Amino acid sequence: EFGIERMSIPIVREALVKAIVCCENEMNRPPVNVKINAGSQGKKFVIFFITFCIAVIVGVTLALLLRPQDSPSDNENKISTLLKYIGEDPEMLLSRCEGDCDTDAGCSLGLLCFQREEGGSVPGCGGDPISNGVDYCVRPEDLSPSVEPSDGPSVGPSSPPSSTEPSDSPSVRSSTEPSDSPSFRPSFPPSFSPTTGIKASLDTSIELVKDAYGGQVPPWKDAETNKEMRESGQFRAVQWCAENNVFELEGTLPLTLFSLASFFFGSGGDVNSNEEDSDVWTDSEGWLDIKKGHCTWFGITCDRGDMEISLESNKLKGTLAPEIFMIPHLTYINLESNTLSGTIPSSVGLANDLVYLHISNQGSISGTIPESLYNLQKLQKLYIYNNAMTGTLSNRIGEIDRLEVLSIGGNDFTGTLPATLGTLS
């Protein structure tokens, strides 16, 4: 009687009661004795009656099978989930039509935080919002064009980007200059529908990058239940990886893509920015477009398996994600003239292939030179000038045999220059 439509409990209960009463009435009737003449006319009548009943049953069955029906997904879209106010500062990830969320990071996998600037209804959800100041998690398909940003996202710069070479510093790019068409291109499967849950993706990401935290469990391990940790670049990277099945890819791609996404989100990158945004990267063209491959993202070049990252003067902010130095075959990093803060993570010592490191003109980079930096045997040029770094220059500087340029002025270093500098050729 109801087909695939969902009905309210009272209606279903009423229908069941009617059916039970009907059955009881039939059961209470006295039996009816039917005698059929066994003659030829009686046999013909029985055959005709049975044939008629079979025809009716077949006809009704075909009619039911061939009638147009809404698919389960269409039917689900017709049924609104009622709005539910969990709280102003919920600890757990919010489900569909639950609030109050502040950003997409507060919603479960695949959901977006719908910002209700002037109140109004919530797409795909039923019921009345508790107040105009409460935002709710919705599905991307519930958002109509009328509620998306009017100007649309922009991933291209308003003017051609400037040269990616540092203006005042020597460069080692001559020996590692990429070709016009990089030969290294990862192959991706044609479909990237999300199949991996947040919890499983968190566990996988922790195992991938725990070396960047000295073998310890990363601080964002409890991001699923800790609201503060859900704002971290790493957790947003976990969500992105889960939505795109990154951790199901082969080889070093999961580590590379997760590290780049952590760096992107942690330093102010936003793929949904537009030209009016002032607090995001100047240029993020192509970033997180997994189908095109990370070698096509702005500021990244790949050549014969080696990778270079050049994002100077691109309005990067926040702290430097430790994961960035775990990218395999990373040879070149130029982040000059941004507004990064914090310290140079000790994971820098994991970038065994690094030849060029430029993190100057940040202003707020503090702390000492990590002891692990002196393990970079291939490092040729190091620029960390015009920051707020302290401490002394270790005697181990002489262990970097290939070091050609050391630019550390404009900091608060103390002590004397180590004699081992004289051993460098």
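Residues numbered from 1 in each chain as written. Predicted model: local features only at pLDDT ≥ 70, side-chain atom pairs only at ≥ 80, totals over all residues. Heavy atoms only, no water.

For this particular structure, what's the right way to read unusual backbone geometry?
With the exception of glycine, most residues fall at negative phi, and the peptide bonds are largely trans. The omega angle of the peptide bond from G99 to D100 is 15 degrees, so this bond is cis rather than trans. Its location among the elements puts D100 in the loop between β3 (98–99) and β4 (112–114). At H329, a residue that is not glycine, the phi angle is positive and equals roughly 60 degrees. Residue class for H329 comes out partly exposed when judged on its relative accessible area of 44%. Despite not being glycine, N361 shows a phi value in the positive range, around 55 degrees. (Helix = DSSP H or I, 4+ residues; strand = E, 2+ residues; numbered from the N terminus. Buried < 20%, exposed > 50% of the residue type's maximum accessible area, 1.4 Å probe, protein only.)

Looking at this structure, how should I read the sheet that holds strand β16 (residues 405–407)?
Each strand in a sheet pairs with another by means of backbone hydrogen bonds, the pair being arranged parallel or else antiparallel. In space, the six strands of this open sheet follow the order β7-β8-β10-β12-β14-β16, with mixed pairing throughout. Only two strands of the sheet have a single neighbouring strand rather than two, namely β7 (300–303) and β16. Strand-to-strand twist across the sheet, computed as the mean angle between neighbouring axes with direction ignored, equals 10 degrees. Where strand β14 (residues 381–383) lies against β16, three bridges are found, and the strand directions are parallel. From the neighbouring strand, K381 faces β16, where its bridge partner is V405. (Pairing = 2+ DSSP bridges. Axes fitted to C-alpha atoms, helices over the stretch in contact; angles between N-to-C directions.)

Looking at this model, I keep getting lost on the side chain of N338. Mind explaining?
Inspection of the secondary structure assignment puts N338 in the loop between β10 (330–334) and β11 (339–343). Here N314 takes part through its backbone nitrogen, which lies 2.9 Å from a polar atom of the side chain of N338. Within the structure, N338 has its side chain in polar contact with the backbone oxygen of E336 (distance 3.3 Å). Among all residues touching N338, those that are not within four sequence positions of it are L311, E312, S313, N314, K315, L316, N361 and Q362. (Polar contact = N/O pair within 3.5 Å; in protein donor to acceptor, adjacent residues only side chain to side chain. Contact = heavy atoms within 4.5 Å.)

How should I be thinking about the packing of aromatic side chains in this particular structure?
For any two aromatic rings, the description comes down to two numbers: the centre-to-centre distance and the angle of the planes. Under the criterion given, the structure shown has 14 aromatic pairs. Linked through ring pairs, W240, F263, F264, F265, W281, W287 and W297 together constitute an aromatic cluster. (Phe/Tyr/Trp six-rings, centres within 6.5 Å; stacked < 30°, edge-to-face > 60°.)

Where do I start with the pattern of salt bridges in this structure?
Oppositely charged side chains may form a pair once their charged atoms are brought near each other. Under the defined criterion, the tally for this structure stands at eight salt bridges. With a shortest N-O distance of 3.5 Å, E371 and R396 are connected by a salt bridge. Taken together, the residues E371 in the loop between β13 (364–367) and β14 and R396 in the loop between β15 (388–391) and β16 connect sequence positions 25 residues apart. Owing to a relative accessible area of 43%, E371 belongs among the partly exposed residues under this scheme. Classification of R396 by relative accessible area gives partly exposed; the value is 21%. Between E399 and R396 there is a salt bridge whose closest N-O contact spans 3.1 Å. Put simply, R96, R139, E141 and D142 are held in one network by salt bridges that share partners. (Salt bridge = Lys/Arg side-chain N within 4 Å of Asp/Glu carboxyl O.)

Is there a simple way to think about the sheet that holds strand β17 (residues 412–413) in this case?
Read from one edge to the other, the open sheet built from five strands follows the order β9-β11-β13-β15-β17, with strand pairing classed as parallel. Each edge of the sheet is formed by a strand with only one pairing partner; in this case those strands are β9 (317–319) and β17. As paired elements, β9 and β11 share three bridges and run parallel to each other. The residue bridging G318 from the neighbouring strand is L340, located in β11.

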